[in-house]
Amino acid sequence: MKVCKFGGTSMASAQSILNVKSIIESDSERKYVVVSAPGKRFSSDIKITDMLYGAYEEKVETGSCRYKMAIIRERFVNLAKDLNLDIDMNKYIDEVEENILKSTSPDYAASRGEYLSAVIMSAVLGYDMVDAGDVIKFKHDGTFDSELTNDLVSKYKGTSKGIVFPGFYGRMPDKSIKTFTRGGSDFTGAIIARGVKAKVYENWTDVNGFLVTDPRLVDNPCHIEVLSYEELRELSYMGAGVLHPDSIFPVQIDKIPINIRNTFEPNHKGTFILHSTQGYNIPKVTGIAGRKGNTTISLKKAMMNSEIGFCRKVLSVLERNGLSVEHVPTGIDTMSIVLSDKGFKGLDENKLVDDIRGAVNPDHIEVTHSLALIAVVGHGMANSRGVAATLFTALYKAGVNVRMIDQGSSELNIIVGVEEKDYNASIKAIYNAFFN
Ligand code: ADP
Ligand code: ASP
Ligand code: MG
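Here the structure is a predicted model, which means the values were calculated and not measured.

Enquirer: Sorry, what's going on with the sheet that holds strand E16 (residues 413–419) here?
Expert: Hydrogen bonds between backbone groups are what pair the strands of a sheet, and the pairing can be parallel or antiparallel. Taken in spatial order, the six strands line up as E12-E13-E11-E14-E16-E15 in an open sheet, and their pairing is antiparallel. The open sheet terminates on both sides in strands that have one partner only, identified here as strand E12 (325–327) and strand E15 (402–407). For this sheet the average axis-to-axis angle between neighbouring strands, irrespective of direction, equals 40°. Two elements, E12 and strand E13 (residues 334–340), share two bridges in a ladder whose sense is antiparallel. Each bridged residue has a counterpart across the sheet, and for Val325 the counterpart in E13 is Leu339. Across the sheet, helix H11 (residues 310–320) lies against strand E11 (287–300), E12 and E13, angled at about 25° from E13, the strand it touches most. The strands touched by helix H12 (residues 349–360) are E11 and strand E14 (364–377); relative to E14, the strand with the most contacts, the crossing angle is about 95°.

Enquirer: Hey, could you run me through the packing of aromatic side chains in this one?
Expert: What describes a pair of aromatic rings is the distance from one ring centre to the other and the angle between the planes of the rings. What the rule picks out here adds up to eight aromatic pairs. Arranged with centres 5.9 Å apart and planes meeting at 15°, the rings of Phe6 and Trp204 form a pair that is stacked. Of this pair, Phe6 sits in strand E1 (residues 2–6) while Trp204 sits in strand E7 (residues 200–205); the two residues are 198 residues apart in sequence, bridging distant segments of the chain. Given the relative accessible area of 0%, Phe6 is considered buried.

Enquirer: When you look at the site of ligand 1 in this model, what are you seeing that I'm missing?
Expert: Taken together, 17 residues form the shell around ligand 1, and within it Lys5, Gly8, Thr205, Asp206 and Leu211 come nearest. A distance of 2.7 Å separates an oxygen atom of ligand 1 from a polar atom in the side chain of Thr205. One nitrogen or oxygen atom from the side chain of Arg216 is found 3.5 Å from an oxygen atom belonging to ligand 1. Against a free-state accessible area of 580 Å², the protein chains account for coverage of 84% of ligand 1. Here the shell around ligand 1 is built from residues that sort into six nonpolar, seven polar and four charged.

Enquirer: Sorry, what's going on with the environment of Ser103 here?
Expert: Secondary-structure assignment places Ser103 in the loop between helix H4 (89–102) and helix H5 (107–125). Separated by 19 residues in the primary sequence, Ser103 and Asn84 place their C-alpha atoms 32 Å from one another. Once residues lying within four places of it in the same chain are set aside, the contact partners of Ser103 are Tyr56, Lys59 and Tyr108. A polar side-chain atom of Ser103 sits 2.8 Å from the main-chain carbonyl oxygen of Ile100.

Criteria and cut-off values
- Residues numbered from 1 in each chain as written.
- Chains lettered and ligands numbered in written order.
- Predicted model: local features only at pLDDT ≥ 70, side-chain atom pairs only at ≥ 80, totals over all residues.
- Heavy atoms only, no water.
- Pairing = 2+ DSSP bridges.
- Helix = DSSP H or I, 4+ residues; strand = E, 2+ residues; numbered from the N terminus.
- Axes fitted to C-alpha atoms, helices over the stretch in contact; angles between N-to-C directions.
- Contact = heavy atoms within 4.5 Å.
- Phe/Tyr/Trp six-rings, centres within 6.5 Å; stacked < 30°, edge-to-face > 60°.
- Buried < 20%, exposed > 50% of the residue type's maximum accessible area, 1.4 Å probe, protein only.
- Near = heavy atom within 4 Å.
- Polar contact = N/O pair within 3.5 Å; in protein donor to acceptor, adjacent residues only side chain to side chain.
- Areas by Shrake-Rupley, 256 points an atom, 1.4 Å probe, with all protein chains shown as cover.
- Nonpolar A, V, L, I, M, F, W, Y, C, P; charged D, E, K, R; others polar.

That is the geometry; function is a separate question.
Shown next, in the form of structure tokens:
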């Protein structure tokens, strides 16, 4: 049996939903379907999920959410009408609107795009619908309860009729709805694939699989045929938005392959993400990904290297300030800490710097915001010479000043930090150096 997750663009219009239907009906093993909320139909369109977050904000600000809900209502009513479905969408929307007014967090509102999408998809397919809230569970502390969830999902193993699950959310022990982070329907698909012991997890989106780099930055980047779970984790965590970075955790337990496919070009075989890519023709570099919005704290202190506990003391200050650390490249007498800009919102930066000074008394400390990180990822790097030389020559020739360098201990990636204004040019230069 196969689990198929369809993303926002696949669920965006009646026509794309009919594509989904024909994909599912062309293979009798496609019995488990996970859906996202309707996404964008054209580039200036607004995703239903964003509108639902907006509806919650509207209610917080004004006590009503009628303006945003009117737009959402129109989209769902038209979808049902265009698909000739005998469903009273107005009744569903009335209930959502009432419950948003009673809710105290945006999660309920945000989850309803997936819920209503599943109502529509199960009617289109004649499949049963199982509410994600009944099978996907969180613990009291808000973390995902993978074992309870797996027990509940596994009860649906071996369905003959077919089941549609809404993606993106589950339930807390107090029955309230909680969502995953954005793009989380990919994670739901992986959870269902593990629970029903699927032979493959198909993730249907709007591109022909994983591309070497972001197609919005480089025209027509090369296609990646196979990728390992580890490479996927690195690339998606570093910004390759095509799949949620947590998606590998449920499937890697039983080594279930993920196959990224294109709803709008269903005959393309897409990208396979496997436990291991040994035996395949492995390139020097598999992929390039990046993201803006990072901060570095750079510290210098003579003889830092021999000062026992230096790193621990710095990291403890960050921990006390609730900051999560991304990378820690170090030199003999230098240490840099890379964090997300987001953590600095509302934080007293001068106090943080004073705390670090108090803890380790550095000779120099500097905080730089708005750094872009770029990761060059691939198992092939460990066995080939010249990868770093090619990378840094490309950046040098493009006139880019490299602000930070970090190589993971597994030699699976090299990460460079550049100024945000150099981000696009850097991605292009690195891509051209390895792939043209
Ligand atoms: P869905 O709604 O189906 O979940 P997403 O928008 O989340 O789709 O992810 C697909 C998009 O990811 C593509 O349209 C593409 O613009 C973007 N993307 C970013 N990096 C890559 C990459 N390396 N390969 C393919 N697509 C990428
Ligand atoms: N609809 C949610 C989002 O836009 C989840 C998803 O599409 O995966 O983030
Ligand atoms: Mg997505």
